[in-house]
Amino acid sequence: MKFNILILFIIGLHFDSFAQSDKDFHSIEVKRGVFSTKYIYNGQTFESPYGLQIPLIQVNDSEVTRDFNKFKNSMKTAKVIGLITSGLSLYVLFRPDKRDSDSYWAALGTAGLVSAFFNIRSNILLDRSVKRYNKIVSGTELGLKYDRTYYGIGILGVGISHRF
C-alpha cells in the first residue's frame, strides 16, 4: 500500500514532465548530393548546417548540444589550418626559391591531411547530433542513463519519454 502511494506521489509531483510540450519540434531531413548537403527543417532548406543550431540547441539534450559544439570547434580548427596553408602558399608565391624545398611540400601535405581529418570529424559529429535530435523528436524513448553529478557521484536513471 505504501509503495502505491509513493508511486502516485511521484507521478503527481512530476506530472508536468508528462504533459505535452508547447514547443513544436520537427525532424531534420538530410539530403546528400555529390558536392553539397542540404538540410530540411520544417519546410525550410538550409545549405549550411549552422542554420540548424537553434532547433538542435532548443531540444535541450546534453548529447546533441555537446556534439554540435564539437562540430563547430572542429570546423573552426579546419578553417584555421586552411588559413595557415593559404598563408604558407602566399609566402612561397613571393619567394619562389623556397618552393622546391622538401619542408614546404611536407608542411603543405601535413596541413592538408590534418584539415581533411578535422573536416571528416566535424561531419561525423554533425551526423551524430542530427541523428540523436531526430531520435528525441520522433517519439517514445525508453532507456537507462548513467550520469555523474557535479561532485562525481554516479546516478542511474530510468525514463520514458513520449512526444505527441
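The structure presented is a predicted model; accordingly, all values stated were derived computationally and were not measured.

Thresholds, definitions, all that
- Residues numbered from 1 in each chain as written.
- Predicted model: local features only at pLDDT ≥ 70, side-chain atom pairs only at ≥ 80, totals over all residues.
- Heavy atoms only, no water.
- Salt bridge = Lys/Arg side-chain N within 4 Å of Asp/Glu carboxyl O.
- Helix = DSSP H or I, 4+ residues; strand = E, 2+ residues; numbered from the N terminus.
- Buried < 20%, exposed > 50% of the residue type's maximum accessible area, 1.4 Å probe, protein only.
- Patch = residues over 30% accessible without salt bridge, like charges linked within 9 Å, V, L, I, M, F, W, Y side chains within 5 Å.
- Areas by Shrake-Rupley, 256 points an atom, 1.4 Å probe, with all protein chains shown as cover.
- pLDDT = per-residue confidence, 0-100.
- Contact = heavy atoms within 4.5 Å.
- Pairing = 2+ DSSP bridges.
- Axes fitted to C-alpha atoms, helices over the stretch in contact; angles between N-to-C directions.
- Phe/Tyr/Trp six-rings, centres within 6.5 Å; stacked < 30°, edge-to-face > 60°.

A. The pattern of salt bridges, seen in detail. With the rule as written, the count across this model stands at six salt bridges. Salt-bridge contacts for Asp127 lead to Arg32; the nearest nitrogen and oxygen are separated by 2.7 Å. Of this pair, Asp127 sits in helix α5 (residues 102–138) while Arg32 sits in strand β1 (residues 28–32), placing them 95 residues apart in sequence. Relative accessible area serves as the criterion here: at 53%, Arg32 is assigned to the exposed category. Note that Arg132 is salt-bridged to Asp61, the shortest N-O span being 3.1 Å. In this pair, Arg132 is assigned in helix α5 and Asp61 in the loop between α3 (53–58) and α4 (62–94), connecting sequence segments 71 residues apart. Residue classification places Arg132 among the buried positions, given a relative accessible area of 18%. Given a relative accessible area of 12%, Asp61 falls into the buried group. Each of Asp61, Glu63 and Arg132 takes part in salt bridges that share partners, so that together they form one network.

B. Representation of a nonpolar patch on the surface in the model. Side chains of Leu90, Leu93 and Phe94 sit close together on the surface and give an oily, nonpolar patch of about 360 Å² of accessible area. Within the secondary structure, Phe94 is located in helix α4.

C. Representation of the confidence of the model for the protein in the model. For the protein, per-residue confidence averages 82 on the pLDDT scale, and residues scoring 70 or more make up 82% of the total. Counting contacts from residues 16–22, a segment whose pLDDT is below 50, to residues more than four positions away or on other chains yields two contacts.

D. Here's a closer look at the sheet that holds strand β2 (residues 37–41). Strand order across the open sheet formed by three strands is β1-β2-β3, with antiparallel pairing between neighbours. Single-partner strands in this sheet number two, and they are β1 and β3 (44–46). Neighbour to neighbour, the strand axes of the sheet diverge by 25 degrees on average, direction disregarded. Both β1 and β2 contribute to a ladder of five bridges, which runs antiparallel. Residue pairing across strands places Ile28 opposite Tyr41, the latter belonging to β2.

E. Region of interest: the packing of aromatic side chains. In this structure the tally under the stated criterion is five aromatic pairs. Ring centres of Phe25 and Tyr133 lie 6.5 Å apart, and the angle between their planes is 90 degrees; on these two criteria the pair is classed as edge-to-face. With Phe25 in the loop between α2 (15–18) and β1 and Tyr133 in helix α5, this residue pair connects regions lying 108 residues apart in the sequence. Ring geometry for Phe117 versus Phe118: centroids 5.2 Å apart, planes at 70 degrees, classification edge-to-face. Three or more aromatic residues joined by ring pairs form one cluster here, namely Tyr50, Phe68 and Phe71.

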